[in-house]
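Take a look at the letters that make up each chain.
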Amino acid sequence: MKLLHTADWHLGKLVQNVYMTEDQAYVLEQLLRDIETEKPDAVIIAGDLYDRAVPPTEAVQLLDRTLKRIVIDLQTPVLAVSGNHDSPSRLNFGSGIMKAAGLHIVGELDTEFAPVTLRDEFGPVNVYLVPFADPAVVRLALGDDNIRTYDDAAKAVVERIKPSLKPGARNVFVGHAFVTKGGQAEPNTSDSERPLAIGGAEHVSSTHFSCFHYTALGHLHQAHHVGDETVRYSGSPLKYSISEENHRKGYLMVELDAEGRATVEKKLLEPRRDMRTVEGVIADIERQERSDDYVYVRLLDELPVLSPMERVRAVYPNAMHATQPSVLRHLGGQTDMAADGGKAGMDKLSLFRSFYKEVRGAEASEETEGLFLDVLREIDREEGERHEAHQADDDGIRAV
């Protein structure tokens, strides 16, 4: 049995005010070509098909086109669950009708936990689709007041499934959760994924899934296994934040033999535009080769750079963000450079001189510098008067 495991498409994703729909369509086209070539028995999508409960129209249309091509054109079943970004009821709509065509989407928790059964020459493979659900939802659905955490919920769900696991059958679990080895707290693999809970209550132990031959997970954006190599995250098909710049994006191709032993191969997807960090002084950056990548620029100039984004975008038109740490340190009130430099930082007058030269193309005259210093002194005087007034008010309140 060959299963294609993917997750966290986040269709309709907005990154730094840029919709990623075109980039998502680009990698999904590659996925479709691979499905046509590899001919898996089913495609598993482990949650977060959309990036929000009410996705933009373009995202809905993209999902509709993609699922139609997989299920109808390529005659490949799709087995999907909702994630924490999805609207359960929206994904669940029409699911009963679509099953006949091979599209199995479980948006809302179904306490029957009936599997989708696939068959190959070795017999049945039972796939249990369990959507993301808050512990309170699981507690109410199962009537178990002891369910308080995501770990409690996952354990209770698996305990309900276990009686239906037939000896000799191969069983696959599909879910969307923050699974770690033993349920201990671990940092997320991306800052683009919102936390499920506060204070570590979101983590689920991988040991709960030991009764399954393969566990296909979604939620974490970096592909990896948890504890056992059969408990796996496929990761997202695209980078959705700069924290993911070193991730290798793609999907997993899983093959189950007659005994249910899983062989997993990572398949990579090539993005339309990469997301990466660029560092350097502005003069060097302006000499670099033009690129359409989504870049986060870190300017290393010590003197302020005038109109940095405009200049960066002459080379990187899709630049998403630019920072200049040296200027940020000065604006934050620090007069020293970074600890490893040991140099004296620029005061406000030095910053003004640099800015003036950048704008006017010439050094500021003594008269101009004098006017600037007069303005600074006036500002300092006004701030001092305000401070004294506030102090007097505080003293009056304490006296009362």
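That block above? That's the structure.
What this report covers is the structure whose coordinates are included nearby. Keep in mind that what you see is a predicted model, and the values were worked out from it rather than measured.

On to the sheet that holds strand β19 (residues 321–323), then. Hydrogen bonds along the backbone pair up the strands of a sheet, which may run parallel or antiparallel. Pairing is parallel in the open sheet, where three strands are placed in the order β17-β18-β19. Edge positions in the open sheet fall to β17 (275–280) and β19, since each of these has one partner strand only. The mean angle between the axes of side-by-side strands here comes to 15°, regardless of whether they run parallel or antiparallel.

Moving residue by residue along a regular strand, the side chains alternate between the two faces of the sheet. On strand β5 (residues 78–81), burial covers both faces: V78 and A80 on one face and L79 and V81 on the other are all buried. Where strand β4 (residues 42–46) lies against β5, four bridges are found, and the strand directions are parallel. Bridge pairing in β5 links A46 to V81. Handedness of the β-α-β unit built from β4, helix α2 (residues 57–73) and β5 comes out right-handed.

The next thing to look at is the nonpolar core. If you look at the biggest cluster of nonpolar residues, it comprises 29 residues, and the most contacted ones within it are I161, V179, F209 and F212. Ranked by residue count, the leading element in this core is helix α6 (residues 150–161), at seven residues. Core analysis: the next-biggest nonpolar cluster, separate from the first, contains 28 residues, L4, V27, L32 and L67 among them.

Listed in full, the buried residues belonging to helix α5 (residues 135–142) are P135, V138, R139 and L142. For α5, the buried positions fall inside an angular range of 100° around the axis, keeping them on one side. At its buried positions, α5 is contacted by α6. Between the side-chain oxygen of the N-cap and the backbone nitrogen of A136 there are 2.8 Å, and the N-cap of α5 in question is D134. In the stretch just after α5, G143 is the one whose phi turns positive, near 65°.

Across its 17 residues, α2 extends 23 Å between first and last C-alpha, which sits within 8% of the 24 Å expected from 1.5 Å per residue. A59, L62, L63, T66, L67, I70 and V71 are the residues of α2 that are buried. The arc that holds the buried residues of α2, viewed along the axis, is 140°, so those residues lie on one side.

This part takes up the side chain of T76. For T76, the location among the structural elements is in the loop between α2 and β5. Using a relative accessible area of 5% as the deciding quantity, one classes T76 as buried. In terms of polar contacts, T76 uses its side chain to reach the backbone carbonyl oxygen of L74, at 3.1 Å.

Rules and cut-offs
- By convention here, each chain's residues receive numbers from 1 onward along its written sequence.
- At least 70 in pLDDT is required for a residue's local features to be given in this predicted model, at least 80 for side-chain atom pairs to be given and counted, and no such filter applies to totals for whole chains, interfaces and linings, which use all residues.
- Side-chain numbers come from the whole structure's heavy atoms, not from hydrogens or water.
- A pair of strands is labelled paired if DSSP reports no fewer than 2 bridges between them.
- Helix and strand assignments come from DSSP, with helices taken as H or I runs of at least 4 residues and strands as E runs of at least 2, each series counted from the N terminus.
- Helix axes are fitted only over the stretch in contact, all axes being lines through C-alpha atoms; the angle between N-to-C directions runs from 0 to 180 degrees.
- To sort residues, take the accessible area from a 1.4 Å probe on protein chains only and compare it with the maximum for the residue type: under 20% means buried, over 50% means exposed, and anything in between is partly exposed.
- Handedness of a crossover is defined as follows: orient the strands so they point away from the viewer, and if the path from the first strand over the helix to the second runs clockwise, the crossover is right-handed.
- By nonpolar core we mean a set of buried residues, namely Ala, Val, Leu, Ile, Met, Phe, Trp, Tyr and Cys, connected to one another through side-chain atoms within 4.5 Å.
- Along the arc lie the directions from the helix axis toward the C-beta atoms.
- Contacts are residue-level and defined by heavy atoms, with any inter-residue pair within 4.5 Å sufficient.
- By the criterion applied in these results, polar contacts are pairs of N or O atoms within 3.5 Å in which, for protein atoms, one can donate a hydrogen and the other can accept it, and in which residues neighboring in sequence qualify only through two side-chain atoms.
- By this rule, a helix spans an expected 1.5 Å times one less than how many residues it contains.

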